[in-house]
Amino acid sequence: MQITEQRFFQVLWVTLAIKLVFAWWIPITGDEAYFILWGKNLDYGYYDHPPMAGWWLAALLQVSDATWWLRLPSVLITTYIGWAIYHLTKKYSQQGALFAGILYLLTPVNLVFVLFTTDTPLILFSFLSAWCFYRAQQADSYHWYLFSGVLLGLAFFSKFFAGLLGIAYFLYLVLFVRRGTRPYIGLLLIIAGTLPFIALNLLWNYNHCWDNYLFNLYNRTSDSVFSLSTFVKYLVVLVYLLTPPVIYYLIRDHRAILRTLKDTSKQVFAALFLIPIGLFFILSFWKVIGLHWVLSFYPFLFIGLSHVFSHKQWRRSLYFMLGYSLIHVLAFAYILVASPGLLKDREDLLKSYVISAYSTELAGQLSKIAPDYYWATGSYGDSSVLSYAARRPVLQFGKGSHHARQDDMLTDYKELDGKNILVLNYADNKNRYHRYFSATEAGSITIAGATYYYVKGKGFNYQTYREEVLEKVMRSYYQIPDFLPTGSCYMFDKYGKPE
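Heads up: these notes are all about the structure in this document. (Residues numbered from 1 in each chain as written. Predicted model: local features only at pLDDT ≥ 70, side-chain atom pairs only at ≥ 80, totals over all residues. Heavy atoms only, no water.)

### Some thoughts on the overall build of the protein
Where we set the bar: For helices the rule is a DSSP run of H or I covering at least 4 residues; for strands it is a run of E covering at least 2, with both sets numbered from the N terminus onward. With the radius of gyration taken over C-alpha atoms, the globule rule is written as 2.2 Å times the number of residues to the power 0.38. Under the scheme applied here, a residue whose accessible area is under 20% of the maximum for its type counts as buried, over 50% as exposed, and between as partly exposed, the area being computed with a 1.4 Å probe on protein chains only. Should any heavy atoms of two residues lie within 4.5 Å, those residues are counted as being in contact. Computed with a 1.4 Å probe, the accessible areas rest on the Shrake-Rupley method; for each residue, only the protein chains presented here act as cover. By the counting rule applied here, Lys and Arg register as positive and Asp and Glu as negative, while His and the ends of each chain are not counted. Taken as the charge location is NZ of Lys, CZ of Arg, CG of Asp or CD of Glu.
The helix and strand tally for the protein stands at 25 helices and five strands. A globule of 499 residues ought to have a C-alpha radius of gyration of about 23 Å, and the protein, at 25 Å, matches this closely. In terms of principal-axis extent, the alpha carbons of the protein reach across some 75 × 55 × 45 Å. Here the protein, with 499 residues, has 55% of them falling under the buried criterion. In the protein, of all internal contacts separated by at least 6 residues, the share reaching a separation of at least 24 is 75%. For the protein, the exposed area adds up to about 21,700 Å²; of that, 62% sits on carbon and sulfur atoms. Of note, the protein has its 42 positive side-chain charges centred 12 Å away from the centre of its 31 negative side-chain charges.

Below is the structure:
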């Protein structure tokens, strides 16, 4: 089977159409709605991550807040990368380049995972930075190193995982590039390109309780312990992404592949894939490595494979990928059609799905029940979804988790003293709210077979809430280490530092 350029572009347009359909069809998710709040509250940093995703969404929101429109960057970026894989590698092997580009375009993560997340700009800027790094190796040019550094800085301003790509650059230059001063001058130029973004992030954290670092280095890793199960889960992620045929050929022909990769013109992207993957191997013994952690390095695999796979290996891998992705597309379509009936025996999953898929209807009912109340839920994700649907702020009430605490910045509970608040929950736990209000009234709402419970609280008691909730929040999530100088912390400024 010979692949033509015409066939490549046919696959590109078909996969683009499939992604657009899913971008229109999939209900808004809690993470996406949370990032939309970033876009509506423009800043140079946010609680969980650097601000690039918020900046992109702020620009997109100037046109529309339709989900398909906000997901368009995710759709187009992976399509662009599929074309770029072909464009980058065709000078070495036209057939290998066509196969590699098509295989990437057909992967399930590109066809059905079309959500806008912090990984969306990370994937683009990481890819462009690696492309410039590759050009720097080809041309032995300082300006390509600097361009790579600036783009790496933009990737860092999307998500801290970009730092792994910087480590990969360093290790590649040390392990594979000829000795001399030029590669290390190039490395210094890469660092120079990233420094303005690192400095701006440090400044934001200095003035915002060191949120990014507390969240990523302390709060979310406090339960990390050595575990073989997390390592096995990471292996499953790799098998899922690489697919069994690709893994089989890589293992079976590893000697020939290693010989090919000794060619310095062909090894850059393979190294930029293998080094981060290897670092994740080490980390996986203590931490669950999520599928999305690997995505910004995933395209480099296909560029590396374009140099080493034979025509027969490409053909068999492509046949497998066609069936593999078709199963994903049909399964996702079935889930979207059959839900919520498909989830009727999984109450929590059903409620989580309905609050996303039927958020407009839920917001409409709440508007009738408590139009003049402040609204709140116990979940940052649910609050974000309702806020997106109702076009109004929805608070997070209670301690919450260490994830997605942007509402800590947006809401000042001291200003809500004496106000009326409706709190929506999955469970009928109305008694837990009595002490926070002078009077409460409970009720329920049923939508698409899912029942939600609400409490209408009159006369919010800020002082009790501060003592029982906010002090616990500050002790749990805002324990700034003594060695970090702090310019300002909004939680302490609003509520006072806990004793």
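### A closer look at helix H8 (residues 119–139)
Threshold: The span you would expect from a helix comes to 1.5 Å times its residue count less one.
Its 21 residues give H8 an end-to-end C-alpha distance of 30 Å, which sits within 8% of 30 Å, the value for a rise of 1.5 Å per residue. Burial runs high along H8: 17 of the 21 residues are buried. Of the residues trailing H8, aspartate 140 is marked for its positive phi of about 50°.

### Notes on helix H9 (residues 142–156)
Helix length check: H9, at 15 residues, gives a terminal C-alpha distance of 21 Å against a target of 21 Å (1.5 Å per residue), a fit within 8%. In the core, the buried residues of H9 are packed alongside H8, helix H10 (162–175) and helix H11 (182–206).

### Points about empty space enclosed by the protein
Which parts of space are left empty comes out when a probe the size of a water molecule is rolled across the atoms. This is how it is decided: Cavity: a set of points on a 1 Å grid over the protein atoms alone where a 1.4 Å probe fits but cannot get out. Pocket: an open set with protein on both sides within 12 Å along at least five of seven lines, its lining residues, like those of a cavity, having an atom within 4 Å of a point. Grid points are joined across faces, edges and corners, and a volume is the space filled by probe spheres set on the points.
Under the criterion given, the structure shown has five cavities of 30 Å³ or more. Of the pockets and cavities examined, the largest cavity occupies roughly 90 Å³. What lines the largest cavity is a set of 14 residues, among which Gln396, Arg405, Asp408, Tyr413 and Leu470 lie closest to the centre. Elements with a minimum of two residues in the lining of the largest cavity: helix H23 (407–410), helix H24 (462–477) and helix H25 (490–495). With four residues, H24 is the single largest residue contributor to the lining of the largest cavity.

### Quick word on the packing of helix H1 (residues 5–25) against helix H6 (residues 94–106)
The test is simple: Here the axes come from fitting lines to C-alpha atoms, over the contacting stretch only for helices, and the angles between their N-to-C directions go from 0 to 180 degrees. The labels follow the angle: roughly parallel below 35 degrees, roughly antiparallel above 145, roughly perpendicular from 65 to 115, and oblique for the rest. Should the near helix be turned anticlockwise from the far one by less than a right angle, the crossing is termed left-handed; should it be turned clockwise, right-handed.
Contact geometry for H1 and H6: axes closest at 10 Å, N-to-C directions at 10°. In terms of orientation, H1 and H6 fall into the roughly parallel class. Between H1 and H6 lies a crossing whose hand is left-handed. Of H6, the residues touching H1 (which contributes Glu5, Phe8, Val11, Leu12 and Thr15) are Leu98, Gly101, Ile102, Leu105 and Leu106.

### Focus: the pattern of salt bridges
Note the following rule: By salt bridge we mean one thing: a side-chain nitrogen of Lys or Arg within 4 Å of a carboxyl oxygen of Asp or Glu.
Throughout the structure, instances matching the rule amount to nine salt bridges. With a closest N to O distance of 2.7 Å, arginine 71 and glutamate 32 form a salt bridge. Here arginine 71 is found in the loop between helix H4 (67–70) and helix H5 (72–89), whereas its partner glutamate 32 is found in helix H2 (residues 30–40), with 39 residues between them in sequence. Accessibility expressed as a relative area gives 1% for arginine 71, which makes it buried. With its nearest N and O atoms 2.5 Å apart, the salt bridge here joins glutamate 468 to arginine 435. In this pair, glutamate 468 is assigned in helix H24 and arginine 435 in the loop between strand S3 (421–425) and strand S4 (437–447), connecting sequence segments 33 residues apart. Its relative accessible area of 30% is what places glutamate 468 among the partly exposed residues. Salt bridges linked by common partners bring Arg466, Glu471 and Arg475 together as one network.

### Topic: the side chain of serine 148
When you line up the elements, serine 148 lands in helix H9. The class of serine 148 is buried, set by a relative accessible area of 0%. Discounting chain neighbours no more than four positions away, the residues touching serine 148 are Ser129, Cys132, Phe133, Tyr169 and Ile190.

### Looking at the state of the cysteines
A covalent bond bridging the sulfur atoms of two cysteines is what the word disulfide describes. Quick note on the threshold: Cysteine sulfur atoms are paired as a disulfide whenever they come within 2.5 Å of each other.
Summed over the entire model, instances satisfying the criterion amount to one disulfide. Across the disulfide, cysteine 209 is cross-linked to cysteine 489 (sulfur-sulfur distance 2.1 Å). Disulfide cysteine 209-cysteine 489: the torsion about the S-S bond is 95°, which places it as right-handed. With a gap of 280 residues between them, cysteine 209 in the loop between H11 and helix H12 (211–219) and cysteine 489 in the loop between H24 and H25 connect regions that are remote in the sequence. Assigned by exposure class, cysteine 209 and cysteine 489 land together as buried.

### A closer look at the sheet that holds strand S5 (residues 450–460)
Sheet strands line up and pair through hydrogen bonds in the backbone, either parallel or antiparallel. To keep it simple, the criterion reads: In short, DSSP must find at least two bridges between two strands for them to pair.
Taken in spatial order, the five strands line up as S2-S1-S3-S5-S4 in an open sheet, and their pairing is mixed. Only two strands of the sheet have a single neighbouring strand rather than two, namely strand S2 (394–396) and S4. Recorded for the sheet is a direction-independent mean angle of 30° between the axes of neighbouring strands. Sheet topology places S3 next to S5; five bridges connect them, and they run antiparallel. Of the residues in S5, the one forming a bridge with leucine 422 is lysine 456.

### Side note on the side chain of threonine 230
Position of threonine 230 among the secondary structure elements: in helix H13 (residues 228–242). Residues contacting threonine 230, with those up to four places away along its chain left out, are Ser284, Phe285, Trp286, Lys287 and Val288.

### Observations concerning unusual backbone geometry
Put simply, serine 339 and proline 340 share a cis peptide bond, and its omega is 5°. Structurally, proline 340 can be placed in the loop between helix H19 (311–338) and helix H20 (347–357). For arginine 391, which is not glycine, the phi dihedral falls at a positive 55°. Topologically, arginine 391 is positioned in the loop between helix H22 (380–390) and S2. One non-glycine residue, alanine 448, lies in positive phi territory at about 50°. Tracing the chain through its elements places alanine 448 in the loop between S4 and S5.

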